[in-house]
Amino acid sequence: MFDHNETLEEARKRNVRDALLEDLGRGDWTAQLVPADQLMTAQVVAKQAAVVCGQPWFEDCVHALDPGATVDWLCAEGASVAAGTTLCRIGGNARAILSAERSALNFLQMLSAVATRARGYADVIAGVSPNPNGCVVLDTRKTLPGLRQAQKYAVRTGGATNHRMALWDGILIKENHIAAAGGIAAALAAARALDASVPLQIEVESLDELEQALAAGATSVLLDDFELEDMHRAYALNAGRALLEVSGGVSLETLRAIAATGVDRISSGKLTKDVSAIDLSLRVLQ
């Protein structure tokens with residue numbers, strides 16, 4: 001079962017299969033009200049401003065039920081659109097389109113919501129940081145179960161950055177790991193001994209713990225739930241020795257002030273776990 005690290009393409013195929021299976025099961029009774037050979041055209045319209053994301057998932061849902069269907073996009077993946085914008089037109093078997101509609105829209109609505117929030121977060125900190133390397137916004141592993149790859153794709157599409165994809169993609173030593181390993185220095189030493197060839201980061205909860213981490217040679221440190229004043233102190237104390245990331249208490253309202261402390265990265269679970277679907281509508285044209 002746990003024999004490889006899933007790719008984005010593999011995840012998308014699984015997402016679409018699971019979505020259609022849970023919605024259609026053994027068949028769509030309501031779609032059978034339409035003659036089996038009837039063709040139709042329809043369009044999807046955005047009812048609010050958004051960053052469009054999820055086109056491959058939308059297309060795969062439609063093509064899984066009608067391989068010959070056409071999906072003509074009138075905007076690019078990652079494009080910002082206004083309310084009232086027609087996103088695409090679909091043509092094909094009426095039963096297939098009607099059966100695929102909900103699953104296809106669910107992906108497009110949710111992934112567009114993630115991309116829209118990511119774009120908003122990335123835009124709000126642009127040019128704020130005094131750090132010569134700038135500051136970036138990252139996601140976390142707080143994603144919807146089964147949709148990790150899809151949501152992190154949406155974060156990238158929106159212009160923000162991915163933290164580690166999963167447990168296999170990096171080592172993040174948190175408070176419980178530190179306690180179990182016997183302290184910050186011991187945990188870092190044990191992590192290095194793994195020789196895992198993945199990024200290594202340690203979480204600290206105070207300036208004292210930051211000093212311990214730096215003394216132990218940490219090159220990437222996560223400042224967890226630091227007050228703004230202590231973020232400034234951490235930046236000065238660090239003096240460029242390690243990459244500094246802030247997590248906890250991050251919102252659109254606090255982003256600019258955090259970026260202005262000079263930290264390298266800001267991570268927020270809100271990018272993926274607290275999203276509200278973008279309002280989209282699919283309507284039959286003929």
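Quick summary incoming for the structure in this document.

Analysis parameters
- Residues numbered from 1 in each chain as written.
- Predicted model: local features only at pLDDT ≥ 70, side-chain atom pairs only at ≥ 80, totals over all residues.
- Heavy atoms only, no water.
- Helix = DSSP H or I, 4+ residues; strand = E, 2+ residues; numbered from the N terminus.
- Buried < 20%, exposed > 50% of the residue type's maximum accessible area, 1.4 Å probe, protein only.
- Contact = heavy atoms within 4.5 Å.
- Pairing = 2+ DSSP bridges.
- Axes fitted to C-alpha atoms, helices over the stretch in contact; angles between N-to-C directions.

### Structural notes on the overall build of the chain
Logical step 1: Of regular secondary structure, the chain possesses 10 helices and 12 strands.
Logical step 2: Its C-alpha atoms give the chain principal-axis dimensions of roughly 70 × 40 × 25 Å.
Logical step 3: The buried share among the 286 residues of the chain stands at 47%.
Logical step 4: Here the contacts in the chain between residues at least 6 apart in sequence split such that 69% fall between residues at least 24 apart.

### Concerning the sheet that holds strand 3 (residues 70-73)
Logical step 1: The antiparallel open sheet is built from 4 strands, whose spatial order is 3-5-1-12. Each end of this open sheet is capped by a strand with a single partner; those strands are strand 3 and strand 12 (280-284). On average, each strand axis in the sheet is inclined to that of its neighbour by 20°, with strand direction left out of account.
Logical step 2: Two elements, strand 3 and strand 5 (residues 86-93), share 4 bridges in a ladder whose sense is antiparallel. Note on strand 5: the bridge partner recorded for Val-71 is Ile-90.
Logical step 3: Its contacts with the sheet put helix 2 (residues 55-65) on strand 1 (39-46), strand 3, strand 5 and strand 12, and the angle it makes with strand 3 is roughly 160°.
Logical step 4: The strands touched by helix 3 (residues 94-124) within the sheet are strand 1, strand 3, strand 5 and strand 12, with strand 5 carrying the most contacts at an inclination of about 150°.

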